[in-house]
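# Understanding the architecture of this molecule
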Amino acid sequence: MNSLTKVSLLLSFLYLLLGSLLGLMLGYKQTASSLFSMGGSPTLAHAHLQLVGFVTQMIVGVTYHIVPMLSRGKINSFKLGYLHTALLNAGLLIQVWGFLTDRILFKSFGSLLLFASIVMYLFNILKSMKWR
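These numbers come from a predicted model, not from an experiment. (Residues numbered from 1 in each chain as written. Predicted model: local features only at pLDDT ≥ 70, side-chain atom pairs only at ≥ 80, totals over all residues. Heavy atoms only, no water.)

Let's shift gears to a nonpolar patch on the surface. Residues M38, W97, I104, L105 and F106 make up a contiguous nonpolar surface patch of roughly 510 Å² in combined accessible area. For the nonpolar patch, the element with the most residues is helix α5 (residues 104-128), which contributes 3 residues. Turning to its location among the elements, F106 is positioned in helix α5. (Patch = residues over 30% accessible without salt bridge, like charges linked within 9 Å, V, L, I, M, F, W, Y side chains within 5 Å. Areas by Shrake-Rupley, 256 points an atom, 1.4 Å probe, with all protein chains shown as cover. Salt bridge = Lys/Arg side-chain N within 4 Å of Asp/Glu carboxyl O. Helix = DSSP H or I, 4+ residues; strand = E, 2+ residues; numbered from the N terminus.)

Among the secondary structure elements, S128 is positioned in helix α5. Among all residues touching S128, those that are not within four sequence positions of it are V67, S71, K74, I75 and N76. (Contact = heavy atoms within 4.5 Å.)

This part takes up the side chain of S12. As for its position among the elements, S12 is in helix α1 (residues 3-26). Not counting residues within four places of it along the chain, the set of residues in contact with S12 comprises G53, F54, Q57 and M58.

This part is about the confidence of the model for the protein. Of all residues in the protein, 98% attain a pLDDT of 70 or more, and the chain-wide mean is 94. Here helix α2 (residues 29-36) is the element of the protein with the lowest mean pLDDT, 88, and helix α4 (residues 78-101) is the one with the highest, 97. (pLDDT = per-residue confidence, 0-100.)

What follows deals with the nonpolar core. Y15, L22, L35, A45, L49, V52, L88, L92, V96, F99, L100 and L114 together form the largest nonpolar core, which totals 12 residues. If you list the elements that add at least two residues to this core, you get α1, α3 (42-71) and α4. The element that contributes the greatest number of residues to this core is α4, accounting for 5 residues. When near neighbours in sequence (up to four residues on either side) are disregarded, L114 contacts V52, L88, G91, L92 and Q95. (Core = buried A, V, L, I, M, F, W, Y, C linked by side-chain atoms within 4.5 Å. Buried < 20%, exposed > 50% of the residue type's maximum accessible area, 1.4 Å probe, protein only.)

Their axes nearest at 10 Å, the elements α1 and α4 cross at an angle of 10 degrees. One way to sum up the angle between α1 and α4 is to call them roughly parallel. Across the interface between the two elements, S3, L4, V7, S8, L11 and Y15 from α1 touch F78, G81, Y82, T85, N89, L92 and L93 from α4. Here the residues of the contact of α1 with α4 sort into 8 nonpolar, 5 polar and no charged. (Axes fitted to C-alpha atoms, helices over the stretch in contact; angles between N-to-C directions. Parallel < 35°, antiparallel > 145°, perpendicular 65-115°, else oblique. Nonpolar A, V, L, I, M, F, W, Y, C, P; charged D, E, K, R; others polar.)

Pasting the structure below:
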């Protein structure tokens with residue numbers, strides 16, 4: 001297993017824990033009311049931690065392991081892989097903060113970073129596949 005896969009899987013598990021913790025906090029009246037008192041939408045933050053953080057990060061990690069095996073080739077660029085992973089994580093954390101505090105600048109900037117990360121990921125994976 002390559003190092004990018006390992007990093008992605010570990011980050012995925014971290015987001016599973018963070019998202020689950022936030023979900024647990026939303027289940028209790030006292031902590032839920034304090035989260036909602038921040039003015040934002042903690043349910044959107046919870047959903048993004050689980051779906052983008054856990055699920056998407058897991059898919060990215062598995063893809064970087066499976067694509068070279070299936071295409072009998074190699075990853076186009078591990079540097080690009082690490083860059084898009086960094087952007088994905090930065091964008092997600094910025095966006096989640098925006099959801100929690102209802103700050104449009106954080107939500108928008110985080111969304112832009114996430115989109116850029118997804119484009120970079122798709123480019124890298126598509127360039128890595130041998131289309132015969």
